Amino acid sequence: VDAISAMAPSFFKVTTMQSLVSYLAPIANAAPETPFYYYHIPSLSNANGAQPSQWNMFDMFEYVDRTGSIPNLVGLKYTGMYATFGSFADVMKLIRYKNAKYEVFGGRDEMMLQLLCSGVNAFVGLSYNFAAKLYYDLIEQFRLRNIEKCRDIQRSTHELQVLQMQGGGDGKWAH
């Protein structure tokens, strides 16, 4: 096993940053030598402050560092890109925190270009499984600084997302 991951509960939702850490710590600590990633999907878990006065992922990672509660925490998959207040700022703060101590995986296929511009360089998403070439092309064009080509490819991924939604999950869009 190279790493383990867990997300917040989606039925009995956490209400505070401390309750989220208390939920994740025993999972991570059960395999203390194995890197642990938090799988952040606030639309399912409510695990993020919705207003600037509430907590965010940066706050949680800073808290974990301060308390030492999850010593094998190495990063997260950040899917809450537009579901919560200030999420892009949250991502960028995490990327810069302690000289990039934590790895941040982008979790929105349709936002890869924005995430690349923000400094994210690892991704986990649904359409990467069957449209990998499209996304690898986007990454390569980004590295070559061909922004117009990047925009064209990202538009194609948006069209792919629409087809996925229209398919209703029955596989029609995968053919």
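Quick caveat: nothing in here was measured; it's all calculated off a predicted structure. (Residues numbered from 1 in each chain as written. Predicted model: local features only at pLDDT ≥ 70, side-chain atom pairs only at ≥ 80, totals over all residues. Heavy atoms only, no water.)

A. Representation of the overall build of the protein within the structure. Per the secondary structure count, the protein includes seven helices and five strands. Its helices and strands taken in sequence order, the protein reads β-α-β-α-α-β-α-β-α-β-α-α from the N to the C terminus. Within the span of the protein, comprising 175 residues, buried residues form 46% of the whole. Across the protein, contacts joining residues at least 24 apart in sequence account for 66% of those joining residues at least 6 apart. (Helix = DSSP H or I, 4+ residues; strand = E, 2+ residues; numbered from the N terminus. Buried < 20%, exposed > 50% of the residue type's maximum accessible area, 1.4 Å probe, protein only. Contact = heavy atoms within 4.5 Å.)

B. Looking closely at the packing of aromatic side chains. Evaluated as defined, the whole model comprises seven aromatic pairs. Plain terms: the ring middles of F11 and F12 are 4.7 Å apart, the flat faces sit at 85 degrees to each other, and that makes the pair edge-to-face. This pair shows no difference in class: F11 is exposed, exactly as F12 is. A ring pair is formed by Y128 and Y135, whose centres lie 4.5 Å apart and whose planes are at 85 degrees; its orientation type is edge-to-face. (Phe/Tyr/Trp six-rings, centres within 6.5 Å; stacked < 30°, edge-to-face > 60°.)

C. Quick peek at the confidence of the model for the protein. Within the protein, residue pLDDT values average 85, and 87% of them lie at 70 or more. Element-level pLDDT for the protein is lowest in helix α2 (residues 42-45), with a mean of 74, against a maximum mean of 96 in strand β1 (residues 4-6). Ignoring residues within four places in sequence, the model shows residues 171-175, a span with pLDDT below 50, making five contacts including any to other chains. (pLDDT = per-residue confidence, 0-100.)

D. Geometry of the sheet that holds strand β3 (residues 73-78). Taken together, five strands build an open sheet; the order of strands is β1-β2-β3-β4-β5 and the sheet is parallel. Each edge of the open sheet carries a strand with a single partner, namely β1 and β5 (122-123). As paired elements, β3 and strand β4 (residues 103-106) share four bridges and run parallel to each other. Each residue of the ladder has a partner; that of G75, found in β4, is E103. On top of the sheet, helix α3 (residues 57-67) reaches β2 (36-40) and β3; it is set at about 170 degrees to β3, its chief contact. (Pairing = 2+ DSSP bridges. Axes fitted to C-alpha atoms, helices over the stretch in contact; angles between N-to-C directions.)

E. Molecular detail of the pattern of salt bridges. The tally for this structure, following the rule as stated, stands at five salt bridges. K101 is the salt-bridge partner of D65, the closest N and O atoms lying 2.7 Å from each other. With D65 in helix α3 and K101 in the loop between α4 (87-96) and β4, this residue pair connects regions lying 36 residues apart in the sequence. A salt bridge links R155 to D152; the shortest N-O distance between them is 2.9 Å. Here R155 and its partner D152 are both found in helix α7 (residues 147-167), three residues apart, which amounts to about one turn of the helix. Overall, the relative accessible area of 40% leaves D152 in the partly exposed class. Each of the salt bridges in this network shares a partner with another, and the network as a whole consists of D65, K98 and K101. (Salt bridge = Lys/Arg side-chain N within 4 Å of Asp/Glu carboxyl O.)

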